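# An overview of the molecular structure
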Amino acid sequence: MKINNEILKFKEQLKDANSIALISHLDPDGDNLGSLTALSKSLLNLGKKVYPIEFDKIPENLKFLPNLDLLSDNTDININMIICLDCANYERLGKIDELFNKAKYRINIDHHQSNEFYGDVNIVKKGYSSTCELVFDLINEINLPIDKEISMSLLTGISTDTGRFLYSATTADTLAKASKLVEYGADMMKINELIYQSKKFEAQLLENEVLSKTEIYNDYVAIGFVMTDQLNKYNVEVSDIDSVINTFRDTDKIKISVLVKQQTENEFKVSFRSKGNIDVGLIAKNLGGGGHKNAAATRITGVYDAVLNKIKEEIDRYGLRN
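These numbers come from a predicted model, not from an experiment.

This next bit is on the packing of helix α2 (residues 30–45) against helix α5 (residues 148–161). Axes are the key here: two packed helices are described by the angle between their axes and the distance separating the axes. Remark: α2 packs on α5, axes separated minimally by 8 Å, with the N-to-C direction vectors making an angle of 160°. The angle between α2 and α5 falls in the class roughly antiparallel. For the pair α2 and α5, the sense of crossing is left-handed. Every residue of α5 that contacts α2 at Gly30, Asp31, Gly34, Thr37, Ala38, Lys41, Ser42 and Asn45 is listed here: Glu149, Ile150, Ser153, Leu154, Gly157, Thr160 and Asp161. Residue classes in the contact of α2 with α5 are distributed as three nonpolar, eight polar and four charged.

Below is the structure:
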């Protein structure tokens, strides 16, 4: 089914839906919160009742986004539509079975290669730069309201999910849309300063520690780790140091960069970054996760040494493909 047909279905259903829940994946990021706040504000401006849902803590560097005050973790609401944003797998939405099942219309809007088309309507463009770029298209396609705040949210999501327009999914259209969002009032300088130039000093100290202990594996893979006791030592959140994964990736020698982040005693979130044609999305998928060609993640349960061995074995299985 072509995406335009799905958009037309959504447009018709939207006429009937006046109470709408919106939700994105757990572990919020820029594209997650950008698409969630942007579409919520647009539908609110359209005259709809909106209930944006967010279960997890919002990262400090994204707290400048407009309309975060709309977010709630309450799912005891009456709705006739639910819109799931930037989430490839239904399970990553969290505990929403009751809410999802009571909705008359279930919409899935996403750009991940691994999307499972779990909605009744699936507005999915695999390989697109970001869900925020797709929401920008949707707003224009069906003439939804757009304003300065909506533009700010959308540009934030596009910027963060493209790695500041670095990743291969960034196209001429992506750049043109970013330019249009600036015309609508999005403040690119503010986004750059608050996301990329306002790191906590203590987070930088922890990053230095992580970098000093990073293992170089097979000459082209950098594997760093951060444990919960380190986070406690510096009094920072794991989201405060997410950018450390790019440091070795951005050198001439390293092709794949890995950051292993302890969640609980025996649970680790593993983030992957790569450049060129190396598909870390495939590596993450084989480890039970997913994502994009140059940026992906998974969760692995076990003691640290066993987790590390699993990662290395999968990287060895993939091999260095140029």
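Taken from the UniProt record, the annotation "domain: DHHA1" (unreviewed entry) applies to residues 226–315. Secondary structure over residues 226–315 splits into 34% helix and 30% strand, and the C-alpha atoms at its two ends are 20 Å apart.

Here we come to the sheet that holds strand β1 (residues 19–24). Taken in spatial order, the five strands of this open sheet run β2-β1-β3-β4-β5, and their pairing is parallel. Either end of the sheet is taken by a strand with one partner, and the two such strands are β2 (49–53) and β5 (121–124). Geometrically, the sheet is characterised by an average inter-axis angle of 15° between neighbouring strands, direction not taken into account. Set on the sheet, helix α1 (residues 3–16) makes contact with β1, β3 (81–85), β4 (105–110) and β5; between it and β5 the angle comes to about 125°.

Reading the values: rules and limits
- Residues numbered from 1 in each chain as written.
- Predicted model: local features only at pLDDT ≥ 70, side-chain atom pairs only at ≥ 80, totals over all residues.
- Heavy atoms only, no water.
- Axes fitted to C-alpha atoms, helices over the stretch in contact; angles between N-to-C directions.
- Helix = DSSP H or I, 4+ residues; strand = E, 2+ residues; numbered from the N terminus.
- Parallel < 35°, antiparallel > 145°, perpendicular 65-115°, else oblique.
- Left-handed = near helix turned anticlockwise from the far one by under 90°.
- Contact = heavy atoms within 4.5 Å.
- Nonpolar A, V, L, I, M, F, W, Y, C, P; charged D, E, K, R; others polar.
- UniProt positions renumbered as here; feature names shortened; annotations may be inferred.
- Pairing = 2+ DSSP bridges.

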